[in-house]
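Below, each chain spelled out in residue letters.
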Amino acid sequence: MHRKAIRYVNRSTAAAAGAVATAATSVAAAAVAASIIFSPVADASARMDGVSQDLLRAVELNQITEEQAVKFEARLAGRIFGEA
């Protein structure tokens, strides 16, 4: 084969592989979104437990301060429990 033909085949194969990977990623993202949308809604206390755990982890990773976590958790508790 000529070098130009080999380069064309290589480029075409790479482009096709990229298109397949993109399509697979889109399908996977759609599946995750659907599972989130159709999953049952957790009760308010379970949601707050999850929020508390996430905020604790963020404080441990120095992403936010303890004061920020407390304020944010209080604000979310008001919204989740319908007090806002």
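What you see as residue numbers is a count from 1 along each chain, following the sequence as written. Only residues with pLDDT of at least 70 are given local features in this predicted model, and only at 80 or more are side-chain atom pairs given and counted; all residues enter the totals for whole chains, interfaces and linings. Note that the side-chain values use all heavy atoms of the structure and ignore hydrogens as well as water.

J.: Please explain the environment of Gly 82 as it appears in this structure.
T.: Note on conventions: DSSP H or I runs of at least 4 residues are helices, E runs of at least 2 residues are strands, and numbering of each starts at the N terminus. Checked against the element boundaries, Gly 82 lands in the segment after helix 3 (66–80). Accessibility expressed as a relative area gives 59% for Gly 82, which makes it exposed. For the pair Gly 82 and Ala 44, spaced 38 residues apart in sequence, the C-alpha separation works out to 9.6 Å. Relative accessibility thresholds used throughout: buried, under 20% of the residue-type maximum; exposed, over 50%; partly exposed, between the two (1.4 Å probe, protein chains only).

J.: What exactly am I supposed to notice about the nonpolar core here?
T.: Grouped burial of nonpolar side chains is what soluble globular proteins tend to show. To qualify as a nonpolar core, a set must consist of buried Ala, Val, Leu, Ile, Met, Phe, Trp, Tyr and Cys residues joined through side-chain atoms within 4.5 Å. Met 48, Val 51, Leu 55, Val 59, Ala 69, Leu 76, Ala 77 and Ile 80 form the largest nonpolar core, which has eight residues in total. If you list the elements that add at least two residues to this core, you get helix 2 (44–60) and helix 3. Residue contacts are counted whenever heavy atoms from the two residues lie within 4.5 Å of one another. Look past the residues within four positions of Ala 69 in its chain and what remains in contact with it is Leu 55, Val 59 and Ile 64.

J.: Looking at this structure, how should I read helix 3?
T.: Think of an α-helix as 3.6 residues a turn; residues three or four steps apart then line up on the same face. Taking 1.5 Å of rise per residue, the 15 residues of helix 3 would be expected to cover 21 Å, and the 21 Å separating its terminal C-alpha atoms lies within 8% of that figure. Among the residues of helix 3, Ala 69, Leu 76, Ala 77, Gly 78 and Ile 80 are the ones counted as buried. Looking at the buried residues of helix 3, the elements they touch are helix 2. Taken from the residues just after helix 3, Gly 82 is the one with a positive phi, measuring 80°. Any helix carries an expected span of 1.5 Å times its number of residues minus one.

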